[in-house]
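Descriptive structure summary
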Amino acid sequence: MQQWLATYAVDTRSGPKKVTKTYCLPTIGDVRQAVIQEGGYVLSIRQHDRSVFERLLARSSWWQVQLLRGIQFRSSMTSPSVALWRLIEAENNPRSQNILAPAREALARGLGVIDALKALQMFDHSTLAILGASERSNKLQEGIPQAIRNITQKRKNIAKIAGTLGWIGFDLLSIVQGLQMGRTMILKWFRGNAPKDAEAAAKFNHTVDNLETLWTVLLWFAYAATAFLVWSILSFWLNRGKRDFLAAKLVRKVPMVGSYLRDLAFADSMMAASRMIKGNVSITDALQQSAEASNVPEVCNFWVAAYNDLSRGISLGAAMDRPPLSRSERMEIMTVSDLSQIATVLESIADIRAQSAQTKNSLIVWGAFIFTGLYLLIAFGSAIYALQLMNFSMDSMMDQMMQPGG
């Protein structure tokens, strides 16, 4: 699907009227046909690309929450699809109209509210899974508050990590600036004021070379870490909603971060599965939908493998008795005897995984503080060593000046 901006004229009682409207259709011919069906005469059609502001607004948690609250408020008197359609039609802001155009076209083709929300490409997999589970059980109004809590909790986690990264980045920037500005000046002064004695000069130059190497390594490490951090943030932002991409694969290999993301994914998918089962959704549909609740491949593979085993006639407990669930979680699942119990167990596992993710989030934050402290210690320690070396050089220079004939 592609978004198009069409300008056309329509006949009115007061004469021709110029209209500009956004369409989300596969080809320009489809747009032309849609305009003709509306009784318009095409003036121009061009491919529409969202501005940077529109992309940022569409992917902000504030916009997502406001959209879900609007659907919840209007769906109390009508169906969710009609509620979303009325919400879109009531929007007068051109930027908001462009953002909501894909959902409007999806609804116009007869698709449901979940398909329309997917067309917007602004919600993550876990939020869509929660909404999808609620919609399948005809309890979307009850699922929207849970989806909002999910978005809010992730926003808090992101804010905590962003604050930590900001603090680390400020410290690293300060140290890097100091090293970059002082390295050239200090090393140049050292080279020009080496001791005259051959043995002392050799020892002095060797020490200066080691200091230069250390500072160079620290600088390049800081440059590489900053570049990777910025690239990862931009990649996650631009690829939001995609199941897997290069930055996500690399980030999952970072110690503690991978298990943190896996716990979050399990918490989201387990909660979605529990809600679907409680809403009398078939277990096969619940397993398939749970696989869509996460973009972590390990979690998706777990649900897909459980679905495949269940389809072959294996019992539900045995189908879900597999890693990466822990031994205690697997034993708890194996003890269940009916679907009501499995829903309770999945909800319990989701809570445990959410608490584990919160603990690992704190460990990641403290680990980042400790790592930055070590970096600062090395940087400051080398600077203090440079000052001591400078004092040694000045003492040697003064001794040479005090010698007869110096």
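Here, the structure is the one placed above.
What this report covers is the structure whose coordinates are included nearby. (Residues numbered from 1 in each chain as written. Predicted model: local features only at pLDDT ≥ 70, side-chain atom pairs only at ≥ 80, totals over all residues. Heavy atoms only, no water.)

With that settled, consider the pattern of salt bridges. For the coordinates displayed, the defined rule picks out seven salt bridges. Note that Arg262 is salt-bridged to Glu298, the shortest N-O span being 3.4 Å. One end of the pair, Arg262, is in helix α11 (residues 257-278); the other, Glu298, is in helix α13 (residues 297-311), and 36 residues separate them in sequence. Glu329 is paired through a salt bridge with Arg353; the nearest N and O atoms lie 2.9 Å apart. Of this pair, Glu329 sits in helix α15 (residues 327-334) while Arg353 sits in helix α16 (residues 339-402), and the two are 24 residues apart along the sequence. For Glu329, a relative accessible area of 6% gives the class buried. (Salt bridge = Lys/Arg side-chain N within 4 Å of Asp/Glu carboxyl O. Helix = DSSP H or I, 4+ residues; strand = E, 2+ residues; numbered from the N terminus. Buried < 20%, exposed > 50% of the residue type's maximum accessible area, 1.4 Å probe, protein only.)

The step from Pro323 to Pro324 runs through a cis peptide bond, and the omega angle for that step is 10°. With respect to the helices and strands, the residue Pro324 is situated in the loop between α14 (316-319) and α15.

In this fold, Ser259 is placed in helix α11. With a relative accessible area of 16%, Ser259 lands in the buried category. A polar side-chain atom of Ser259 sits 3.0 Å from the main-chain carbonyl oxygen of Met256. (Polar contact = N/O pair within 3.5 Å; in protein donor to acceptor, adjacent residues only side chain to side chain.)

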